[in-house]
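What follows is each chain in one-letter form.
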Amino acid sequence: TWRKVVRIKIIGQVLGLSWMVGAKSTKGVMDGGACIMGSLVAFFLAGAARSRHDEDGKWTPMPSNISTMAMTIDAILFAAALVAGKSTVGSTKFSIAAGIYSFGAAVGALEGIPKFLQVLRLA
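Note that the coordinates shown come from a computational prediction; the quantities given were computed from them, not determined experimentally.

Rules behind the numbers
- Residues numbered from 1 in each chain as written.
- Predicted model: local features only at pLDDT ≥ 70, side-chain atom pairs only at ≥ 80, totals over all residues.
- Heavy atoms only, no water.
- Phe/Tyr/Trp six-rings, centres within 6.5 Å; stacked < 30°, edge-to-face > 60°.
- Buried < 20%, exposed > 50% of the residue type's maximum accessible area, 1.4 Å probe, protein only.
- Lys NZ or Arg CZ within 6 Å of the ring centre and 35° of its normal.
- Axes fitted to C-alpha atoms, helices over the stretch in contact; angles between N-to-C directions.
- Helix = DSSP H or I, 4+ residues; strand = E, 2+ residues; numbered from the N terminus.
- Parallel < 35°, antiparallel > 145°, perpendicular 65-115°, else oblique.
- Left-handed = near helix turned anticlockwise from the far one by under 90°.
- Contact = heavy atoms within 4.5 Å.
- Nonpolar A, V, L, I, M, F, W, Y, C, P; charged D, E, K, R; others polar.

1. A few points about the packing of aromatic side chains
Thinking step 1. Summed over the entire model, instances satisfying the criterion amount to one aromatic pair.
Thinking step 2. Taking the centre distance of 5.6 Å and the plane angle of 75° together, the rings of phenylalanine 43 and phenylalanine 44 count as edge-to-face. The pair formed by phenylalanine 43 and phenylalanine 44 is uniform in burial state, with each residue classed as buried.
Thinking step 3. The ring of phenylalanine 43 has lysine 9 lying over it, and the distance from NZ or CZ to the ring centre is 4.9 Å.

2. A look at the packing of helix α2 (residues 26-45) against helix α4 (residues 64-86)
Thinking step 1. Running from N to C, α2 and α4 point in directions that differ by 155°, and their axes come no closer than 8 Å. The orientation of α2 relative to α4 falls into the category roughly antiparallel. Judged by the sense of rotation from one axis to the other, the crossing of α2 with α4 is left-handed. Here Lys27, Met30, Asp31, Gly33, Ala34, Met37, Gly38, Leu40, Val41, Phe44 and Leu45 of α2 lie close against α4, whose contacting residues are Ser67, Ala70, Met71, Asp74, Ala75, Leu77, Phe78, Ala81, Leu82, Ala84, Gly85 and Lys86.
Thinking step 2. Taken together, the residues of the contact of α2 with α4 break down into 15 nonpolar, four polar and four charged.

3. Comments concerning the packing of α2 against helix α5 (residues 92-111)
Thinking step 1. For the pair α2 and α5, interaxial distance at closest approach is 11 Å and the crossing angle is 45°. As the angle between them shows, α2 and α5 are arranged oblique. You can see that α2 and α5 cross each other, and the crossing is left-handed. Each of Thr26, Met30, Gly33 and Met37 in α2 lies in contact with α5, whose residues at this interface are Phe94, Ala98 and Tyr101.
Thinking step 2. Split into classes, the residues belonging to the contact of α2 with α5 amount to five nonpolar, two polar and no charged.

By themselves, these observations are geometric and do not establish any function.
Below you can see the structure in the form of structure tokens.
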């Protein structure tokens, strides 16, 4: 089960990133972002939290409150990217939705920096 849910996430992320890189418009970038976030929501809905394993392969399910919070945030960012991708660029709706998605994506990236730096120190 864990392998299947991880595959859902990875395939969705690769497709979304490819969509964003190949996008010819801002709307295309937002649609790619929606694909990424949608894959994360699907990842949780498919059982990611209860099927989670650590790097040693030990079963370590996420606590339900943390899982619910993460999935809720991902769903909000998914909806924001989806709305931005379907809105007229420059409209208030687009600006708010794209701003929510961009802020959430930036926070997600920034919170991973300490762990990334720790990995670099170990190498």
